[in-house]
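Structural description and commentary
The lines below spell out each chain.
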Amino acid sequence: MAFSLDKAELESELRKIADYIVTLKREIAVLQANEIHTQTIPGAGEDLIAVVTSTEGATNEIMAIAENVLSADASDPVAYKNFVDKEMMALFETCAFQDLTGQRISRVVKTLENIESRVSRFASYTGVQDASGYASDKEADDAKRRERLLLNGPALADDGNKQNDIDRLLASHRGE
Amino acid sequence: MAADTGMPILVVDDYKTMIRIIRNLLKQLGFEDVDEAADGKEALGKLKEKKYGLVISDWNMEPMTGYELLREVRADPDLAKTPFIMVTAESKTENVVAAKKAGVNNYIVKPFNAATLKNKIDAVFAPAA
């Protein structure tokens, strides 16, 4: 199919494309993809690692206290009470970890909200459609593994089966 | 028949904290001979070296999951009859049904308490009705 544009029309079309590129560049800049890649995501990752570490540390300290109390010599009631009181104070102190982990998780949630806001603004402006499939082979392999091995992860509250439901399920599938 | 508190138990979980919790709960129930493994592959190696009276395994581990471990155990004539309890956060129906079909003896959803662990161990070793 043959078509032709006169010089004025061609200039107009090229100007529109140039304007679009300029605006697109501005939108990409607003996206701050480099900052997300080099600072925001690594920062959120560090926060989450710190949450895991402090939660694990506190859990181990709490278990150590419980083990100490369970194995303590209770033959002298006064000494035993003093010992248990001291261990219980340590228990209260250990529970302070929740304040810090709560703050860290709030910061990660805010980070995710900011990224979501920037990405949705960019997608909305450019009118891009979601591509099907996965961004990388690793992502695809991970998804296949999760599906094949039923790796759903912990359910949210009110989702998934409770122990009573599971007991009933097991009973109903007895003999299979 | 109640569970023999002298039997060796293998606890499989990739979180040391969870192994410590289960080990402590088992100790309170009278089970002292407890070994541990961090995933299905390590557990399979230990199962081939020592006869265990019970396996208590998490589901979601790498490189080998508890679900894969269960199927490997049931497929091995020397290990096939080893009682196997899954202790996991995987609570969807498809997980429970798949585990049952693969031959799990009981299934505990996390978080759980000492009474649940005791009840499920007792149920595994109770005479068939």
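A brief report on the enclosed structure follows.

All right, on to the packing of helix H2 (residues 33-70) of chain A against helix H1 (residues 16-28) of chain B then. Between two packed helices, both the angle of their axes relative to each other and the distance between the axes serve to describe the pair. Relative to each other, H2 of chain A and H1 of chain B sit at 20°, their axes nearing to 10 Å. Between H2 of chain A and H1 of chain B, the interaxial angle falls into the category roughly parallel. When the axes of H2 of chain A and H1 of chain B are compared, the crossing they make is left-handed. Of the residues in H1 of chain B, those touching H2 of chain A at Glu56, Thr59, Asn60, Met63, Ala64, Glu67 and Leu70 of chain A are Thr17, Arg20, Ile21, Asn24 and Gln28 of chain B. Looking at the contact of H2 of chain A with H1 of chain B, its residues break down into 4 nonpolar, 5 polar and 3 charged.

Okay, the environment of Gly43 of chain A next. All names here are of chain A. Turning to its location among the elements, Gly43 is positioned in helix H2. Overall, the relative accessible area of 25% leaves Gly43 in the partly exposed class. In this structure the C-alpha to C-alpha distance between Gly43 and Val108, which are 65 residues apart in sequence, comes to 8.5 Å.

With that settled, the discussion passes to the nonpolar core. Residue and element names in this part refer to chain B. Of all hydrophobic cores here, the largest spans 32 residues; its most connected members are Val12, Leu47, Trp59, Leu69, Phe84 and Tyr107. Counting residues per element, this core draws most heavily on helix H4 (residues 93-102), which supplies 5 residues. Residue contacts for Val12: discarding those within four places in its chain leaves Ala37, Asp39, Gly40, Ala43, Val55, Ile56, Ser57, Asp58, Met61 and Leu69. Counting 21 residues, the second-largest nonpolar core is a separate cluster that includes Ala3, Val34, Ile56 and Ile85.

Let us look at H4 of chain B. Of all 10 residues in H4 of chain B, 7 are buried, a share of seventy percent or more. Of all the positions in H4 of chain B, only Asn95, Val96, Val97, Ala98, Ala99, Lys100 and Ala102 of chain B are classed as buried. Buried residues belonging to H4 of chain B abut helix H6 (163-172) of chain A together with helix H3 (66-75) and strand E5 (106-109) of chain B. One or two steps after H4 of chain B, the chain reaches Gly103 of chain B, where phi turns positive at roughly 105°.

On the side of chain B, 33 residues touch chain A, which itself brings 27 residues to the contact. For the pair chain A and chain B, the two sides together bury roughly 2600 Å², of which 55% comes from carbon and sulfur. The largest contributions to the chain A side of the interface with chain B come from Leu150, Gln163 and Leu170 of chain A, which together make up 22% of the buried area. Summed over the shared surface of chain A and chain B, the result is 3 salt bridges. Note that Glu62 of chain B and Arg145 of chain A form a salt bridge whose closest N and O atoms lie 3.7 Å from each other. Taken together, the links from chain A to chain B amount to 16 residue pairs in polar contact (both at pLDDT 80 or more). It is H2 of chain A that contributes the most residues to the side of chain A that touches chain B, 7 residues altogether.

What counts, and at which threshold
Residues numbered from 1 in each chain as written. Chains lettered and ligands numbered in written order. Predicted model: local features only at pLDDT ≥ 70, side-chain atom pairs only at ≥ 80, totals over all residues. Heavy atoms only, no water. Axes fitted to C-alpha atoms, helices over the stretch in contact; angles between N-to-C directions. Helix = DSSP H or I, 4+ residues; strand = E, 2+ residues; numbered from the N terminus. Parallel < 35°, antiparallel > 145°, perpendicular 65-115°, else oblique. Left-handed = near helix turned anticlockwise from the far one by under 90°. Contact = heavy atoms within 4.5 Å. Nonpolar A, V, L, I, M, F, W, Y, C, P; charged D, E, K, R; others polar. Buried < 20%, exposed > 50% of the residue type's maximum accessible area, 1.4 Å probe, protein only. Core = buried A, V, L, I, M, F, W, Y, C linked by side-chain atoms within 4.5 Å. Buried area = accessible area lost by both parts, 1.4 Å probe. Salt bridge = Lys/Arg side-chain N within 4 Å of Asp/Glu carboxyl O. Polar contact = N/O pair within 3.5 Å; in protein donor to acceptor, adjacent residues only side chain to side chain.

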